[in-house]
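# Analysis of the macromolecular model
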Amino acid sequence: MPGIRCSLLPALSILVGLAAPAGAAVFEPTAFELDNGMQVVVVENHRAPVVIHTVWYRIGAADEPPGKSGIAHFLEHLMFKGTEDIAAGEFSRIVARNGGRDNAFTSYDYTGYIQTIARDNLELVMRMEADRMTNLRLAEPDVLTERDVILEERRQRTDNSPGAKLGEMVLATQYLAHPYRIPVIGWAHEIAELSREDALAFYKRFYAPNNAILVVVGDVTPEEVRGLAETYYGVHERNPDLKPRKRPQEPPQIAARRVTYHDSQVREPSWRRSYLAPSRASGETRHAVPLQVLSEILGGGSVSRLYQKLVVEERVASAAGSYYDAVALDLSTFTIYAAPVPGGGLAAVEEAVDLVLVNLLASGVTETELTRAKDGLMAAAVYARDDLNQAPRIIGNALTGGLTIADIEDWPDEVAAVTAADVLAAAKAVLDERRSVTAELLPEQEG
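As a starting point, this report considers the structure included with it.

Rules used in this analysis
- Residues numbered from 1 in each chain as written.
- Predicted model: local features only at pLDDT ≥ 70, side-chain atom pairs only at ≥ 80, totals over all residues.
- Heavy atoms only, no water.
- Helix = DSSP H or I, 4+ residues; strand = E, 2+ residues; numbered from the N terminus.
- Buried < 20%, exposed > 50% of the residue type's maximum accessible area, 1.4 Å probe, protein only.
- Polar contact = N/O pair within 3.5 Å; in protein donor to acceptor, adjacent residues only side chain to side chain.
- Contact = heavy atoms within 4.5 Å.
- Core = buried A, V, L, I, M, F, W, Y, C linked by side-chain atoms within 4.5 Å.
- Phe/Tyr/Trp six-rings, centres within 6.5 Å; stacked < 30°, edge-to-face > 60°.
- Pairing = 2+ DSSP bridges.
- Axes fitted to C-alpha atoms, helices over the stretch in contact; angles between N-to-C directions.
- Expected span 1.5 Å × (residues − 1).
- Arc of directions from axis to C-beta.

Here the focus is the side chain of T83. In this fold, T83 is placed in the loop between α2 (71–78) and α3 (90–97). Overall, T83 belongs to the buried group, its relative accessible area being 10%. Within polar-contact distance, the side chain of T83 engages the backbone nitrogen of D85 at 3.2 Å. A polar contact of 2.5 Å, which involves the side chain of T83, links it to the side chain of D131.

This is the structure:
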């Protein structure tokens, strides 16, 4: 069934540039472009007769027209409603009947479609995916039914989750101008007004070969993929009216912000703080790779500074860590989180976090911490390289996030080159309270 990814997963963003030892390539892909502007990337992996076929559109929730929040995700669902050649709902059933599985996902910077299938059926899924790139047909009853499905999805995933509701408030507080402040699934009152005409207008505007990336990974050769891609995708004309992505940009954040949310469903409180941060494609990009290393040192597991201080030494928290999304088309965030021990308070947690940050900014990181963090990132990437499912997601995420194949392949050298001074400079640039949003999730107050 169609799915939604409300934000870029931290683990995925970490893996986008990680690989084997420095000097080694990551995926060693073959890349080319069709005459109509569609970008194609092929990664050979002949360990099993399986292929993963994905199409990524350079369009996401952050590109939606004002007042139409959720339209990118809405269209993702409607893409399964059929064409002149495929009846509504048949797409996934055909894939399943041929032993495969499929899915779709929407984020701020992209919308993606994926099929995992036996190599002999690659032509089948490519023909179907290419068909719905330009030949989607939508019946009014199907559109209204799917809109109700999405409203229920929002109720289940967000409206019934205190943590998800707090997350929406944090983003709306962190970003004043940029559309990253609006949830990927959309605001309920705007979803309820989305129409068939809205969906078709968005589809015709953005779904075109020159706005798409085809990533095929598995038991194939570049020559096979090129022939099939030219046959099925190559027949579609480019959209000459497609314009560069231009979004409202975030002004400098000059004051600390706080969000406190009480909810009757909360049993255990939690605390988090996010900082406006550069990504690999936006802002002071030189800090992006060091920030990934910093996230490992600060909050990457049981040996991290936050865990050791809050959980092991002070015993004020039952969990603590950090995450940073380096792959975003525009400014990203660096986040620290912690959950107090049962019966504990958030004030003690925040005080302990602040002490960790003060010490880090004053003294920097040690060479031991630096080496351990970099080794951990490299090890994770080795596993990702061998995982058939990771390559298409990493490549598609990177290319729709403003990066290039070279950025992915060169990443090991960039990680290896990070110094303790680089990490400290990145920390000083980002871990500034004036750039932060501190959020508290608490049980409902009596009275």
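Turning next to helix α14 (residues 390–400). In terms of burial, α14 is largely enclosed, as nine of its 11 residues are buried. Buried residues of α14: A391, P392, I394, I395, G396, N397, A398, L399 and T400, and no others. Looking at the residues trailing α14, positive phi occurs at G402, about 90 degrees.

Here we come to the environment of A320. By the element assignment, A320 lies in strand β9 (residues 317–324). Relative accessible area serves as the criterion here: at 7%, A320 is assigned to the buried category. Separated by 21 residues in sequence, A320 and G299 have C-alpha atoms that sit 6.8 Å apart. Discounting residues that sit within four places of it in the chain, A320 has contacts with L306, Y307, L310, V311, Y337 and A338.

Formed by 53 residues in total, the largest nonpolar core has its most connected members in Y207, L214 and Y233. It is helix α4 (residues 122–134) that contributes the most residues to this core, seven residues altogether. When near neighbours in sequence (up to four residues on either side) are disregarded, Y207 contacts Y57, I59, L75, M79, T111, Y113, M133 and F202. Counting 43 residues, the second-largest nonpolar core is a separate cluster that includes A317, I336, V353 and V418.

With that settled, the discussion passes to the packing of aromatic side chains. For the coordinates displayed, the defined rule picks out 13 aromatic pairs. Ring geometry for W56 against F105: centres 5.1 Å apart, planes inclined by 55 degrees, an arrangement best described as tilted. Of this pair, W56 sits in strand β3 (residues 50–57) while F105 sits in strand β4 (residues 101–106), and the two are 49 residues apart along the sequence. Among the residues examined, F105 registers a relative accessible area of 2% and is labelled buried.

Before going further, it helps to spend a moment on unusual backbone geometry. Of note, E28 is a non-glycine position whose phi angle comes to about 50 degrees, a positive value. Among the structural elements, E28 can be located in the loop between α1 (10–15) and β1 (30–33). Although it is not a glycine, R315 adopts a positive phi angle of roughly 55 degrees. Assignment of secondary structure puts R315 in the loop between α11 (305–313) and β9.

Moving on, we come to the sheet that holds strand β5 (residues 111–118). Strand order in the open sheet formed by six strands is β1-β2-β6-β3-β5-β4, and the pairing between neighbours is mixed. Edge positions in the open sheet fall to β1 and β4, since each of these has one partner strand only. Taken over all neighbouring pairs, the strand axes of this sheet differ in orientation by 15 degrees on average, direction set aside. Taken together, the six bridges between strand β2 (residues 39–44) and strand β6 (residues 212–218) define a ladder with parallel strand orientation. In the strand pairing of β6, V41 is matched with V215. The strands that α4 touches are β3, β5 and β6; relative to β5, the one it contacts most, it runs at about 160 degrees. Packed onto the sheet, α14 meets β2, β3, β4, β5 and β6 and runs at close to 15 degrees relative to β3.

With mixed pairing, five strands are arranged side by side in an open sheet as β7-β11-β8-β10-β9. The two strands at the open ends of the sheet, each matched to only one other strand, are β7 (257–263) and β9. Neighbour to neighbour, the strand axes of the sheet diverge by 15 degrees on average, direction disregarded. Here β7 runs beside strand β11 (residues 436–443); their pairing, made up of seven bridges, is parallel. Paired with R257 across the strands is V437, a residue of β11.

The terminal C-alpha atoms of helix α13 (residues 367–386) lie 29 Å apart, and with 20 residues this matches the ideal 28 Å at 1.5 Å per residue to within 8%. Inspection of α13 places E369, L370, A373, K374, L377, M378, A381 and A384 among the buried residues, and these make up the whole buried set. Buried positions in α13, seen along its axis, are confined to an arc of 160 degrees and lie on one side of it. Relative to its buried face, α13 has exposed residues pointing more than 90 degrees away, namely T368 and Y383.

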